[in-house]
Amino acid sequence: MGLIATSQTNLSSEAHPAAAYILIWVAILWLTMVEGGQASLVGLAPVNAELYRDSHPIAYKCTSITNKGDNLDRYLLGRQFMVVIVVFCVNMSGGPLGDAELWGFPSWLSGIFLQSGLAMILFTCNVGQLNTQVNASLCMLDYINNYFAYFTLWVAMAIEFSGLLHSSYLVQMLVAALAGKKIESNEEPRNMMQNLFFYARCILSLAILIGCFAVTLEALFAGKTTMWEGVPSYVAVIVFFILMSVVGMLEGMQIAFFAVAKLPASERGNSVWAVKTCNLLFRGEGNNLPGFMIGRQLCVVSCMFFVARVTSVSIPDGESNIFDVSDGLQRLFDTGLLGALITTICGSISWQLAASAFPLAFLSNPITYVLLRLCLLLESSGLCAAAWLIAAVHKKISGFQRDEVYIGTAEERAKGDMRDNTKHVPVGPGHMTKLPGFVDNAPKSLQRLLKKDPEVQSYINSIYDQVESQQRTPIPTEEPIVEETQEEVDAEAKAAEASTNFCGIGY
């Protein structure tokens with residue numbers, strides 16, 4: 001805030017500081033709903049909406065939309081773009097200038113905390129993301145029972161409908177084909193006109209994506225971005241692709257980790273790196289999985305801010321526009337929208353879709369282990385500990401209550417003939433939902449039976465509810481069922497429970 005007041009950020013140096021203040025706070029407040037809304041909508045997908053129809057009418061409106069057909073997938077797709085756009089807006093309004101100084105800080109402290117963007121990154125993570133995810137993962141109904149959440153949902157749906165991100169569906173089809181699996185859908189097959197409209201948007205989105213890459217690479221090679229002065233053009237291009245790959249790996253890792261969270265150790269891959277990664281992730285009290293999610297959030301936001309800096313177009317005085325376009329089109333390039341679109345499709349969604357189909361391949365990658373270590377180190381540093389305090393204050397002021405107060409536990413709902421139904425939760429190849437997938441690991445014959453007979457699916461769900469709501473107890477058998485120690489079993493159970501509680505973090 002001090003840098004904006006002294007006109008030492010990107011926007012405040014070119015416009016009135018009031019404009020930068022308005023933009024950064026609108027962006028941060030909207031980010032809180034974008035992050036908290038997805039945690040709530042995904043978490044409430046299996047819950048019978050009639051339980052909260054009267055107590056939370058606006059939340060009921062929201063879930064009535066996302067639980068219809070494949071709308072949850074559509075919402076998640078549009079919402080991913082909103083996250084990137086918001087981060088780019090925060091960078092535009094609060095990104096420090098290269099020589100920023102404040103309050104007489106020593107030059108070394110200004111360099112680390114201000115000029116590097118660390119202050120802006122911590123502000124975004126603690127205020128805009130992590131605190132809201134903490135509350136929304138436990139108080140889903142209260143969090144989205146307002147028209148701000150309802151409006152945000154429709155904005156995400158409108159972004160998906162526009163077709164800007166439809167090239168992601170081409171990636172989805174490719175991933176599913178490579179995995180040899182069919183993409184599950186809750187809707188009837190599209191008719192000819194619907195297919196025509198769908199694929200037209202896919203082609204348009206692909207053409208726009210190619211154009212975004214062309215403009216961004218031309219700007220990078222010509223030195224017409226907000227990249228730090230003195231960095232050679234070829235280095236800027238290399239940094240751009242490295243950062244995109246790191247973001248992609250982190251996005252894919254969370255999908256892969258949730259996919260194997262409740263698998264026995266013997267089914268998590270046998271490569272050296274897969275074993276090392278899983279041993280680190282699920283060891284001890286099972287706290288490393290949520291710890292990874294927190295550290296990962298900090299790492300992803302950091303990378304996105306750097307990507308925003310690398311890809312935002314800025315034409316020096318006296319220089320020609322990119323590809324000699326008109327000034328109006330050049331102003332569109334200058335907004336950073338192009339970099340946001342590239343990051344969303346190529347640095348986020350595509351990697352998530354790939355990980356949903358090939359989770360073990362991600363586990364077997366040594367880079368996964370290195371990034372897991374880095375994320376755990378960032379979490380242990382305490383840089384994001386303020387999020388817990390902010391969440392507690394926010395919860396107290398807003399009067400949030402846990403969902404169990406209104407709709408009971410999963411076990412209580414099952415006893416009251418209001419058992420959860422997981423058909424609204426899209427998981428498996430081609431889907432980005434970050435919840436553990438169990439049916440994908442079942443025998444093919446059982447999968448066919450689940451689709452054919454709804455009673456079998458209800459029975460499997462009831463067993464899952466019992467396992468989730470009760471602590472594990474040793475089963476008296478003459479021979480052990482699996483070759484795992486009780487300590488390993490307990491750690492896996494706690495990690496799985498943590499994965500459910502933190503399912504919203506990092507979308």
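Located above this text is the structure these notes cover.
Everything quoted here is computed from the prediction, not taken from an experiment. (Residues numbered from 1 in each chain as written. Predicted model: local features only at pLDDT ≥ 70, side-chain atom pairs only at ≥ 80, totals over all residues. Heavy atoms only, no water.)

Re the pattern of salt bridges
Argument step 1. For the structure on display, the rule yields five salt bridges.
Argument step 2. Its salt-bridge partner being E35, residue R79 comes within 3.1 Å of it at the nearest N-O pair. One end of the pair, R79, is in helix α4 (residues 71-94); the other, E35, is in helix α2 (residues 17-44), with 44 residues separating them in the sequence. Take R79 and E35: they sit in the same class, and that class is buried.
Argument step 3. Residue E187 pairs with R74 through a salt bridge whose shortest N-O separation is 2.9 Å. Linking E187 in the loop between α9 (167-179) and α10 (192-221) with R74 in helix α4, this pair joins segments that are 113 residues apart in sequence.
Argument step 4. Note on E187: relative accessible area 32%, which makes it partly exposed. (Salt bridge = Lys/Arg side-chain N within 4 Å of Asp/Glu carboxyl O. Helix = DSSP H or I, 4+ residues; strand = E, 2+ residues; numbered from the N terminus. Buried < 20%, exposed > 50% of the residue type's maximum accessible area, 1.4 Å probe, protein only.)

Some words on the environment of A219
Argument step 1. For A219, the location among the structural elements is in helix α10.
Argument step 2. Separated by 94 residues in the primary sequence, A219 and V313 place their C-alpha atoms 6.5 Å from one another.
Argument step 3. With residues up to four places along the chain from it excluded, the contact list for A219 reads K224, T225, V313 and I322. (Contact = heavy atoms within 4.5 Å.)

A few points about the packing of α9 against α10
Argument step 1. Two numbers describe how α9 lies on α10: the axes approach to 7 Å, and their chain directions differ by 105 degrees. Comparing the axis directions of α9 and α10 gives the class roughly perpendicular. Contacts from S167, Y169, L170 and M173 of α9 reach α10 at F198, Y199, C202, S205, L206 and L209.
Argument step 2. Counted by class, the contact of α9 with α10 contains eight nonpolar, two polar and no charged residues. (Axes fitted to C-alpha atoms, helices over the stretch in contact; angles between N-to-C directions. Parallel < 35°, antiparallel > 145°, perpendicular 65-115°, else oblique. Nonpolar A, V, L, I, M, F, W, Y, C, P; charged D, E, K, R; others polar.)

Looking at the nonpolar core
Argument step 1. One finds Y52, Y75, V90, F257, F292 and L372 to be the most contacted residues of the largest nonpolar core, which totals 120 residues.
Argument step 2. For Y52, the residues in contact, after removing those within four places along its chain, are L44, V47, P57, A59, Y60, T63, L141 and I407. (Core = buried A, V, L, I, M, F, W, Y, C linked by side-chain atoms within 4.5 Å.)

Quick look at unusual backbone geometry
Argument step 1. The residue F323 is not glycine, and still its phi comes out positive at about 55 degrees.
Argument step 2. With respect to the helices, strands and loops of the structure, F323 is situated in the loop between α13 (288-311) and α14 (327-334).
Argument step 3. Although it is not a glycine, D324 sits at a positive phi angle of roughly 55 degrees.
Argument step 4. In this fold, D324 is placed in the loop between α13 and α14.
Argument step 5. A relative accessible area of 63% means that D324 is categorised as exposed.

Some thoughts on the packing of helix α3 (residues 57-66) against helix α8 (residues 147-162)
Argument step 1. Closest axis-to-axis distance for the α3/α8 pair is 9 Å, and the angle between their directions is 15 degrees. With respect to α8, the element α3 is oriented roughly parallel. Here the hand of the crossing between α3 and α8 comes out left-handed. Of the residues in α8, those in contact with I58, K61, C62, I65 and T66 of α3 are Y147, A149, Y150, L153, W154 and M157. (Left-handed = near helix turned anticlockwise from the far one by under 90°.)

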